[in-house]
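Overview (structure and organization)
Below, each chain spelled out in residue letters.
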2 protein chains.
Amino acid sequence: MESKSIEEITERKSDAFEPLVIIEFTSGTKQAAIEWLMAHIQESKLDGGAELEVKMMVPQHQQATILYIGASLDRYLVSAEMMQMRKPHTAGDLREFTISDLENFKGSGEMSTFFTTAEKQKIILKELNSIRASEFDLHIPGYENYKLYPGKRIVKEYLRREVAVRLFPLHEEEFIDKLGKEWYMPRQCCSVQPIGKIQKYFGEKIAMYFAFLGLYTISLIPPALIGIIYFITYWRSVYREAIFAVFNLVWSTIFLESWKRYCSELSFQWGTMQSVVAKFEEPRPDYFGKIGKNPVTGKAEPVYPKLKRVLRFYLVSLPVTAMFLGIAFVFMLTYFWMQAWADNVYFKNKTLLQYPIIFAPTIVYAISIGILNAIYRKVASLLNDFENHRLQSSYENHLIMKLVLFDFVNCFISLFYVAFYLQDRALLRSHLACLLITSQVTGQIKEAMVPFFFVKRRSQQMERAMKKAASFKTGEGTPEVDYTVQKQASLESTMDQYEGTMDEYLELFLQFGYVFLFSSAFPLAALWALLNNITEIRTDAFKMCRIFQRPFAESASGIGAWQIAFEVIGLISVITNCALIGMDPEVQHLMPSSMSTVNMVLIFVAVEHVVLAVKAAVAFFIPDVPRWVEVEMARVEYQSKQALIKENVAASYRKKQMLRKMFLSKEN
Amino acid sequence: MESKSIEEITERKSDAFEPLVIIEFTSGTKQAAIEWLMAHIQESKLDGGAELEVKMMVPQHQQATILYIGASLDRYLVSAEMMQMRKPHTAGDLREFTISDLENFKGSGEMSTFFTTAEKQKIILKELNSIRASEFDLHIPGYENYKLYPGKRIVKEYLRREVAVRLFPLHEEEFIDKLGKEWYMPRQCCSVQPIGKIQKYFGEKIAMYFAFLGLYTISLIPPALIGIIYFITYWRSVYREAIFAVFNLVWSTIFLESWKRYCSELSFQWGTMQSVVAKFEEPRPDYFGKIGKNPVTGKAEPVYPKLKRVLRFYLVSLPVTAMFLGIAFVFMLTYFWMQAWADNVYFKNKTLLQYPIIFAPTIVYAISIGILNAIYRKVASLLNDFENHRLQSSYENHLIMKLVLFDFVNCFISLFYVAFYLQDRALLRSHLACLLITSQVTGQIKEAMVPFFFVKRRSQQMERAMKKAASFKTGEGTPEVDYTVQKQASLESTMDQYEGTMDEYLELFLQFGYVFLFSSAFPLAALWALLNNITEIRTDAFKMCRIFQRPFAESASGIGAWQIAFEVIGLISVITNCALIGMDPEVQHLMPSSMSTVNMVLIFVAVEHVVLAVKAAVAFFIPDVPRWVEVEMARVEYQSKQALIKENVAASYRKKQMLRKMFLSKEN
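Residues numbered from 1 in each chain as written. Chains lettered and ligands numbered in written order. Predicted model: local features only at pLDDT ≥ 70, side-chain atom pairs only at ≥ 80, totals over all residues. Heavy atoms only, no water.

**Description of the overall build of chain A**
Rules: Here a strand is any run of E in DSSP of at least two residues, a helix any run of H or I of at least four, and the numbering for each starts at the N terminus. Throughout this description, buried means an accessible area under 20% of the type-specific maximum (1.4 Å probe, protein chains only), exposed means over 50%, and partly exposed covers the range between. The contact rule is simple, with two residues in contact once any of their heavy atoms fall within 4.5 Å.
Tallying secondary structure elements over chain A gives 21 helices and 10 strands in all. Projecting the C-alpha coordinates of chain A onto the three principal axes gives extents of approximately 105 × 75 × 55 Å. The buried share of chain A, taken over its 668 residues, is 48%. Restricting the contact set of chain A to residue pairs at least 6 apart, pairs at least 24 apart contribute 71%.

Next comes the structure, spelled out in structure tokens:
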């Protein structure tokens, strides 16, 4: 294990250019803008560049210019150290990568595979984002109206102004083929997802989503089985629904606690476990403020007063969100009022001409809610930007909260209205079934049918691309970029961009609500959800691998505010289910007839509190972190403490030596 | 800042013997036992001794033998390093003490005051506890029936068998005089407690108690003021009680959250902040099991299977505790039944002869509950020992839970019975006032009057001791231990031992329950509690300084399970107060008369849920750790991480150097 210098390590490989990230310009993009960006990508870090390797290609058949971006091995090594990337160490744990300790990291024997492509692409993105406008860059070259100011991230600005149309990392064909076989092939439908490989290829954030989806799907099996048994047996008892509801309530808690444990295992294995330092990491790219100093690392970074953020949240975001919630509520009321009116009109005059009128309110409501939803999403995103969160995680958590609140009102308020205001059990059951099944069928169409269409479209595109590709071959000069890479890049540029996990979680969140909030009214909900999710996993997987451009890997230590959102639904479902059962006339008849209604209500309130207490106890007694993770974390902390002591000792020894030398030299 | 070797540092002082801890034997103790222990205390660590300094004195006027124990400076230094004692570092934070880094710890310039007496006494206790029986020690010398087995802690065994009667650290007269002036003097009654000094002198655990008591007392001021206003103004409104109750409920949450923040500040400042490593620290002295390996530090220690502990808890402790709770409940029912019977008897035949009969049930109940309580406490302690908890903190938390459960049932169940079964508001008010005031008056007598008596008794003892002391002077030979120390030791040996903070917290817990559980029924409760606590602080302080033997300092990072106990009371008080207000006929009359009772109940249930949600939101949005503590913690973690990286680099550099040398030597 003779150690080598960086020069030795990187020398052999520096000639092989491996393009991993693509920037695409439109045919109309001014040449000055392209060249200026290219220069900055190549320029050394000291001159404010990204110090990456870049090749420009202009396929003759089209005017679009494509930049192929890669980096030298020493660039990857230096950046990985700067980013404090965590890599598996031969000591057995994950450690922050340092070049001087390179040989003690696993896999350092073969440098070409030391970093995964996802890691390399993450590094390239980080470096691209580090290109900022200097004081001399007043506007994007060639576009005098697109002003810049010092410190502005240039690549982001190119994309925002649509000077560049696309920035995406390339897929890795070999890996994705293997991954796909293990992941979405039909015969895999009952096997465990290859979460480790997903994390390696797509990053922790997406892997977390699939891990969560997987565990959630498995945990739907028991309630689904009970639902089936209930459906088949026609066992009639007033306890029937109560038993199912209590089981569901406790089960949902167990599921969420198990997820916490699983999640902490994953994030420990992936080295993304949140430490107290994480709160003081570099701020997210869009964070603005006066340049100050990070109180922990001492590095320069923007600082924005907390008070301002809090004021913006309470004085702007909160009222605006509340207003939208109010509007959604009014829409719902109007809908029920219009529906009653329409039913009335039709009832009075049952002609075929009047028939469409009973569907009109639903259609109007659906459309107006759709419009309101679209507007709200834009507004929520703007508000969230406006709040100027320092960390990506807190930015996302606030966005989640905004979307969840609105969707909760939007999707569930009508159920609450039916269940507790109209108190119509039959309507509740049909309404719930209708909402759940409609949302799943449309979801399946969007996610399984549309991909199928995409695949077809893509194969046609492939053919066209092949024709284009033929034109490369006949082009003049030797292409600097590998022919297959060119083909791949032009194929993948036609793919859709992955929109992030937000909508996927939101879908699961609503489904979770449909299944658990009123589970005593519709016990088959879990079965529907289970069937949906089994296909959902595979279609999502297929989409990730084949339909979408590869996303940049993002790290994550959990599912963030979604955990809280699911837990709150769990709590609310205790109230709703107890209320539903308490309101059931069959159950009420079971009580001694001498009992007053008030005492009956009090009994149900007492039961509700007991269930809440049981939930709290279950959550309290299941540790959030499995013991082995705790042991490993403690071991790492213990070792670093010991190292700190050693360091102090060494430092004090060096000081002593120095003093002794000074002393001796004075004496002489 | 020329560095010195340990020998240099310790040389000058090693002759001055400073006795800090006393072991006292009875007049009947066999000489062999005393000499054997003395030998072991002095023996070197390698031979299984404690390597401490000890002087034996036999005052002529009494047969009791007293051992004066101290240690040399180098013993303190070595032990402090072994114990990973945290001391303030010149870098600004607290670090685990290491001798080689000694000069960089604050106060190392003056070695005689580098360790506080509390730290020295902690070290001595630790070393005394490290004396264990070897395979040759079959019994305590001189007592053939008092068997020992290898590994048994000998000092503990001496005390348990009452071979030695007392082990206590000596007070520090000068410090305690200064501390007393700042702490319990009457003119200090409105100033802040000197928490820092208390921590230095009595250790973190006791300082935490006083910090908690202080914050709790201050936070009682607003509810007490409102209580006074209510009492004076006679403002009559149905909202009156509701407003007070809601204020109290939210206020109690704010208090508990503020305490969390204050507590984390203190434990950060004192270096007792729990890290994940803390869970894997050395087990508590009484922990037993097969000798295994600590999974984190790798050191040998007893290991006991978790399953066994869990089984013992669920199969033994839980049923036994439940049984006692049941008995207490039956006692309460019997009491109310007997009372009703007695009232009835008296009502039928109102003669003076029959009069005592209406007090009989209360007296019988009080006595039987007292007996039951005493039995339960013994049983709870035995059960807790039986559960064999690894950490002192988890041992204490389980004991707290056991005591809290029983005392909750014991003290509050009758209130619940009156409030919700008898539904008698007037009786509830008088019963509550009676319970609160009785417990406080008896408490005050126990804690303020009895100390006063103690002081008197003590001054008499002082006189007698002076006479005894005179006999020392006339004794033969020069006493090896300073005359004033001998006097002090014989005085303090007559003092009572401090029983720990458990009962103090329990008292506060019950008071908290009386104030908040039924606050709408008796708004003056907070005022009573406030007045009680203002004197409580000072009498407790006086007791700590003047009445009790000095306790050994114990570290603590918070108030442990008490936090949860207080929070649970806070939650329960939401339910009780909402129920109380909902059951109030005045409030019920306020509702529209068209409203059915069921809807009224539902409204109160809704209000209760809203209050619970507000409490949860308050708890969620107030961060448990203040920002500055978070910054400092992150900074420490960041630095130790950086140190780990440096260490790795240095290690890999050393390895390279070594390999290079080997390589060169082979070549030559």
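Still more ground to cover, so stick around.
**Thoughts on the sheet that holds strand E2 (residues 53–57) of chain A**
All names here are of chain A. How we decide: Here the rule is simple: two strands pair whenever DSSP picks up at least two bridges between them. Lines are fitted to the C-alpha atoms to define the axes, a helix being fitted only along its stretch in contact, and any angle between axes, read from their N-to-C directions, falls within 0 to 180 degrees.
With antiparallel pairing, the 4 strands of this open sheet are ordered in space as E2-E3-E1-E8. Looking at strand neighbours, the two that pair on one side only are E2 and strand E8 (164–169), the edges of this open sheet. If you compare each strand with its neighbour and ignore which way they point, the axes differ by 15° on average. Bridge analysis of strand E1 (residues 21–25) against E8 gives 5 bridges, and the strand direction is antiparallel. Residue pairing for E8: Ile23 is matched across the bridge by Leu167.

**Section: the packing of aromatic side chains**
A ring pair, where both rings are aromatic, is described by two values, the distance of the centres and the angle of the planes. Just so we agree on the cut-off: Working definition: a ring pair exists when centres of Phe, Tyr or Trp rings (six-membered ring for Trp) sit within 6.5 Å. Plane angles under 30 degrees give stacked, over 60 give edge-to-face, the rest tilted. Geometrically, a lysine NZ or arginine CZ counts as sitting over a ring once it is within 6 Å of the ring centre and also within 35 degrees of the ring normal.
As enumerated under the stated definition, the model contains 94 aromatic pairs over all chains in all. With 5.5 Å between their ring centres and 40° between their planes, B:Tyr216 and B:Phe255 make a pair best called tilted. A residue pair is termed long-range when its members are at least 10 positions apart, and B:Tyr216 in helix H8 (residues 204–219) and B:Phe255 in helix H10 (residues 239–269) qualify at 39 residues. You'll find B:Tyr216 and B:Phe255 in the same group, each marked buried. For the ring pair B:Tyr216 and B:Phe512, a centre distance of 5.9 Å and an interplane angle of 50° mean the geometry is tilted. Taken together, the residues span a long stretch of sequence, with B:Tyr216 in helix H8 and B:Phe512 in helix H16 (residues 502–517) at a distance of 296 residues. Across the pair, exposure class does not vary: B:Tyr216 and B:Phe512 are buried alike. Lying across the ring of A:Phe386, A:Arg312 places its NZ or CZ 4.1 Å from the centre.

**A word on the nonpolar core**
Here is the rule we go by: To qualify as a nonpolar core, a set must consist of buried Ala, Val, Leu, Ile, Met, Phe, Trp, Tyr and Cys residues joined through side-chain atoms within 4.5 Å.
Residues A:Phe202 and A:Trp562 are the most contacted members of the largest nonpolar core, which totals 87 residues. Within the second largest apolar cluster, 86 residues are counted, among which are B:Ile195, B:Ala207, B:Leu403 and B:Cys411.

**A look at the interface of chain B and chain A**
Put simply, the test is: Note on definitions: buried area is the accessible-area loss of two parts on being combined, 1.4 Å probe, summed for both. Whenever a carboxyl oxygen of Asp or Glu lies within 4 Å of a side-chain nitrogen of Lys or Arg, that contact is scored as a salt bridge. By the criterion applied in these results, polar contacts are pairs of N or O atoms within 3.5 Å in which, for protein atoms, one can donate a hydrogen and the other can accept it, and in which residues neighboring in sequence qualify only through two side-chain atoms.
Across the contact, 53 residues belong to chain B and 53 residues belong to chain A. For the pair chain B and chain A, the two sides together bury roughly 5,200 Å², of which 62% comes from carbon and sulfur. Between chain B and chain A we count 0 salt bridges in total. Applying the counting criterion to the chain B and chain A interface returns 4 residue pairs in polar contact (both at pLDDT 80 or more). Elements represented by at least two residues in the side of chain B that touches chain A include exactly strand E5 (94–96), helix H18 (561–583), helix H20 (597–621) and helix H21 (627–667) of chain B. No other element matches H21(B), which puts 23 residues into the side of chain B that touches chain A.

**Section: helix H7 (residues 195–202) of chain B**
Residue and element names in this part refer to chain B. Buried residues of H7: Ile195, Ile198, Gln199, Tyr201 and Phe202, and no others. Those residues of H7 that are buried lie in contact with helix H4 (117–129), helix H6 (173–183), H8, H10 and helix H17 (525–547). Positive phi shows up at Gly203, right after H7, with a value of about 95°.

**Side note on the pattern of salt bridges**
Residue and element names in this part refer to chain A. This model, assessed by the stated rule, comprises 55 salt bridges over all chains. A salt bridge links Arg284 to Asp286; its shortest N-O distance comes to 4.0 Å. Judged by relative accessible area, Asp286 falls into the partly exposed class, the value being 42%. Several salt bridges share partner residues, and in doing so they unite Lys152, Glu157, Arg160 and Arg161 into one network.

**Details of the side chain of A:Ser414**
Residue and element names in this part refer to chain A. In this structure, Ser414 sits in helix H13 (residues 392–422). Residue class for Ser414 comes out buried when judged on its relative accessible area of 7%. A polar atom in the side chain of Ser414 sits 3.2 Å from the side chain of His431.

**Some remarks on the sheet that holds strand E3 (residues 66–70) of chain B**
Residues and elements named next belong to chain B. Read across the open sheet, the 4 strands follow the order E2-E3-E1-E8; overall the sheet is antiparallel. Looking at which strands have only one partner, the edges of the open sheet turn out to be strand E2 (53–57) and strand E8 (164–169). Strand after strand, the sheet turns through a mean of 15° between neighbouring axes, direction not considered. Contacts between helix H2 (residues 31–42) and the sheet are confined to strand E1 (21–25), E2 and E3, with E2 contributing the most and set at about 155° to the helix.

**A few points about the side chain of A:Gln444**
Its place among the elements puts A:Gln444 in helix H14 (residues 425–474). In contact with A:Gln444, not counting residues within four places along its chain, are A:Met449, A:Asn532, A:Thr535 and A:Glu536.

**With respect to the domain arrangement of chain A**
All names here are of chain A. As a reminder, the rule being used: Throughout, the edges of the domains are those of an automatic or database domain assignment. Amino acid classes used here: Ala, Val, Leu, Ile, Met, Phe, Trp, Tyr, Cys and Pro are nonpolar; Asp, Glu, Lys and Arg are charged; the rest, including Gly, are polar.
The domain boundaries assigned to chain A delineate domain 1 (6–170) and domain 2 (180–461 + 506–621). Computed from C-alpha coordinates alone, the two centres of domain 1 and domain 2 are separated by 38 Å. With 17 residues of domain 1 at the interface, the matching set in domain 2 holds 16 residues. Both sides together, the interface formed by domain 1 and domain 2 hides about 1,400 Å², and carbon and sulfur atoms give 57% of it. Between the two partners, domain 1 and domain 2, sit 4 residue pairs in polar contact (both at pLDDT 80 or more). Broken down by secondary-structure element, the contributors of at least two residues to the side of domain 1 that touches domain 2 are helix H4 (117–129) and E8. Per element, the largest residue contribution to the side of domain 1 that touches domain 2 is 6 residues, and it comes from H4. Class assignment of the residues belonging to the side of domain 1 that touches domain 2 gives a composition of 8 nonpolar, 3 polar and 6 charged.

**Section: the relation of the copies chain B and chain A**
This is how it is decided: Least-squares superposition aligns the copies on the C-alpha atoms of those residues with pLDDT at or above 70 in both.
Overlay of chain B on chain A (RMSD 0.1 Å): rotation 180°, translation along the axis 0.1 Å. On this basis, the relationship between the two copies can be described by a two-fold rotation axis. Taking C-alpha positions as the reference, the residue of chain B nearest the rotation axis is B:Val598, at 2.7 Å. Taken as a fraction of all interface residues of chain B, those also at the interface in chain A reach 100%, which identifies the copy contact as same-surface.

**A look at H8(B)**
This is how the line gets drawn: By this rule the span expected of a helix is its residue count minus one, scaled by 1.5 Å.
If you check H8(B), its first and last C-alpha atoms are 22 Å apart, about what 16 residues at 1.5 Å a residue would give, namely 22 Å. Burial analysis of H8(B) places 14 of its 16 residues in the buried class, the great majority of the element.

**Notes on the packing of helix H16 (residues 502–517) of chain A against helix H18 (residues 561–583) of chain A**
Residues and elements named next belong to chain A. Short version of the rule: When an angle is under 35 degrees it counts as roughly parallel; over 145 it counts as roughly antiparallel; between 65 and 115 it counts as roughly perpendicular; any other value is oblique. Take the far helix as your reference; a near helix turned counterclockwise from it by less than a right angle gives a left-handed crossing, and one turned clockwise gives a right-handed crossing.
Running from N to C, H16 and H18 cross one another at 15°; their axes reach a closest spacing of 9 Å. Relative to H18, the element H16 lies roughly parallel. H18 is crossed by H16, and the crossing has right-handed handedness. Two secondary-structure elements touch here, H16 through Met502, Tyr505, Leu506, Leu508, Phe509, Phe512, Gly513, Phe516 and Leu517 and H18 through Trp562, Ala565, Phe566, Ile569, Gly570, Ile572, Ser573, Thr576 and Asn577.

**Topic: the confidence of the model for chain A**
All names here are of chain A. To keep it simple, the criterion reads: Within a predicted model, pLDDT stands for the predictor's per-residue confidence, ranging from 0 to 100.
For chain A, the average pLDDT comes to 85, and 91% of its residues sit at 70 or higher. Element-level pLDDT for chain A is lowest in helix H1 (residues 6–11), with a mean of 51, against a maximum mean of 95 in helix H8 (residues 204–219). The complex model carries a pTM of 0.86, and its ipTM stands at 0.81.

**Concerning the state of the cysteines**
One way to say it: the disulfide is the covalent bond shared by the sulfur atoms of two cysteines. All names here are of chain B. Keep this limit in mind: The term disulfide is used for any two cysteine sulfur atoms that are within 2.5 Å.
On inspection of all chains with the given rule, the structure shows 0 disulfides over all chains. Here Cys411 stays unpaired: no disulfide links it, and the sulfur of Cys434, its closest cysteine neighbor, is 13 Å away. According to the relative accessible area criterion, Cys411 is buried, its value standing at 18%.

**Things to note about the pairing of strand E9 (residues 290–293) of chain A**
The side chains of a regular strand alternate between both faces of the sheet. Residues and elements named next belong to chain A. Sheet analysis places E9 next to strand E10 (residues 300–303), joined by 4 bridges and oriented antiparallel. Looking at E10, one finds that Lys293 is bridged to Ala300. With antiparallel pairing between neighbouring strands as the criterion, E9 and E10 make up a hairpin whose turn holds 6 residues, including Gly298 at a positive phi of roughly 80°.

**Some points on the packing of H8(B) against H16(B)**
Residues and elements named next belong to chain B. For the pair H8 and H16, interaxial distance at closest approach is 11 Å and the crossing angle is 20°. By the angle between their directions, the pair H8 and H16 is classed as roughly parallel. Taken as a pair, H8 and H16 cross one another with a handedness that is left-handed. On H16, the residues touching Lys205, Met208, Tyr209, Phe212, Leu213 and Tyr216 of H8 are Glu504, Tyr505, Leu508, Gln511 and Phe512. Split into classes, the residues belonging to the contact of H8 with H16 amount to 8 nonpolar, 1 polar and 2 charged.

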